[in-house]
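Read off the chains here:
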Amino acid sequence: MNKLSVGKVQVYTGNGKGKTTAALGLMLRAAGAGMESYFGQFMKHGSTSEARALKEFLSHAVTAEQYGSGEELSGPDRERDAACARAGYEKARAALRSGRYDLVVLDEILVAEHLGLLTTNDLLRLMNERPERTELVFTGRWAAEAVCQRADLVTEMGEVRHYFQSGLPARTGIEM
């Protein structure tokens, strides 16, 4: 049974760091309020730090699934990647429509849409099918204008400076 009196649609996008982190913080806050969350990760696969933390510390409040091959950007295979995204989309859609979750976060779904693995209409459909008392969050770079126009909250993370430019690779526990 949903605890929210009204749910909204949030979008975290932009080239800056912090989109997934913001969504994870929202799930932490929801867990503290006794809410149940669903976390679906597109474009990711394997034992990321956030996946391990959710399993170890928040498994009572968060259902987490990954839908990616993990190679969408480094070794793309269009057919495989589209199949992963489509299967993930159907799982996420079922979770959203179930009414079980107060908060549904679809991490990197905006990137999957930008790469053509999903369509803008797929994302708009999720927004249309969202139960009234469920909060829906999309994260990732390159949010489509139509998605931003329909969302209730859009936050664009802007990069001012990033240490990647000086050659520092992604660090476990900070970026991954």
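Numbering of residues starts from 1 in each chain and follows the order in which that chain's sequence is written. The predicted nature of this model means local features are confined to residues of pLDDT at least 70 and side-chain atom pairs, given and counted, to a pLDDT of 80 or more, with totals for whole chains, interfaces and linings taken over all residues. Hydrogens and water molecules were not included; the side-chain quantities draw on all heavy atoms of the structure.

*Asks:* Go over the overall build of the chain, please, and point to the residues and values.
*Replies:* Helix and strand content of the chain: 6 helices and 6 strands. Secondary structure elements are defined from DSSP: runs of H or I of at least 4 residues count as helices, runs of E of at least 2 residues count as strands, and each element is numbered from the N terminus. Listed by position from the N terminus, the elements making up the chain come as β-α-β-α-β-α-β-α-α-β-α-β. Under the scheme applied here, a residue whose accessible area is under 20% of the maximum for its type counts as buried, over 50% as exposed, and between as partly exposed, the area being computed with a 1.4 Å probe on protein chains only. Taking all 176 residues of the chain together, 45% fall into the buried category. By definition, residues are in contact when any of their heavy atoms lie within 4.5 Å. Contacts in the chain between residues far apart in sequence, at least 24 positions, make up 78% of those at least 6 positions apart. Computed over 22 positive and 23 negative side-chain charges, the inter-centroid distance for the chain is 4 Å. Counted as positive: Lys and Arg. Counted as negative: Asp and Glu, with His and the chain ends omitted from the count. The atom standing in for a charge is NZ when the residue is Lys, CZ when it is Arg, CG when it is Asp and CD when it is Glu.

*Asks:* An account of the packing of helix α3 (residues 78-97) against helix α5 (residues 120-129) is requested, with residue identities and associated values reported.
*Replies:* Direction vectors running N to C along α3 and α5 enclose 10°, while the axes themselves pass 10 Å from each other. Classified by the interaxial angle, the pair formed by α3 and α5 is roughly parallel. Judged by residue contacts, Arg86, Tyr89, Arg93, Leu96 and Arg97 of α3 engage Asp122, Arg125, Leu126 and Glu129 from α5. Inter-axis angles, ranging from 0 to 180 degrees, are taken between N-to-C directions of lines fitted to C-alpha atoms, where helices are fitted over the stretch in contact. We call two directions roughly parallel when the angle between them is under 35 degrees, roughly antiparallel when it is over 145, roughly perpendicular when it lies between 65 and 115, and oblique otherwise.

*Asks:* Go over the environment of Met43, please, and point to the residues and values.
*Replies:* When you line up the elements, Met43 lands in the loop between β2 (37-41) and α2 (49-57). Separated by 70 residues in the primary sequence, Met43 and Glu113 have C-alpha atoms spaced 11 Å apart. Not counting the four nearest positions on each side in its chain, Met43 is found in contact with Gly68, Gly70, Glu72, Leu73, Glu108, Val111, Ala112, Leu115 and Leu117.

*Asks:* Please provide a residue-by-residue account of the pattern of salt bridges, values included.
*Replies:* We define a salt bridge as a contact between a side-chain nitrogen of Lys or Arg and a carboxyl oxygen of Asp or Glu at a distance within 4 Å. One pass over the full model with this rule turns up 13 salt bridges. Arg100 is the partner of Glu36 in a salt bridge, and the nearest nitrogen-oxygen pair spans 3.2 Å. Separated by 64 residues along the polypeptide, Glu36 in the loop between α1 (19-32) and β2 and Arg100 in the loop between α3 and β4 (103-107) bring together distant segments of the chain. Given the relative accessible area of 44%, Arg100 is considered partly exposed. Taking the shortest distance from any N to any O, the salt bridge between Lys44 and Asp107 comes out at 3.1 Å.

*Asks:* Report on the sheet that holds strand β3 (residues 62-66), specifying residues and quantitative values.
*Replies:* The pairing criterion is simple: DSSP has to find at least two bridges between the two strands. Reading across the sheet, the 6 strands line up as β3-β2-β4-β5-β1-β6 and stay open at both edges, with parallel pairing between neighbours. Only two strands of the sheet have a single partner each, and these edge strands are β3 and β6 (153-156). Sheet twist, expressed as the average angle between the axes of neighbouring strands with direction ignored, equals 10°. In terms of strand pairing, strand β1 (residues 9-13) meets strand β5 (residues 135-139) through 4 bridges, oriented parallel. Paired with Val9 across the strands is Leu136, a residue of β5. Across the face of the sheet, α5 comes into contact with β1, β4 and β5 while running at roughly 160° to β5.

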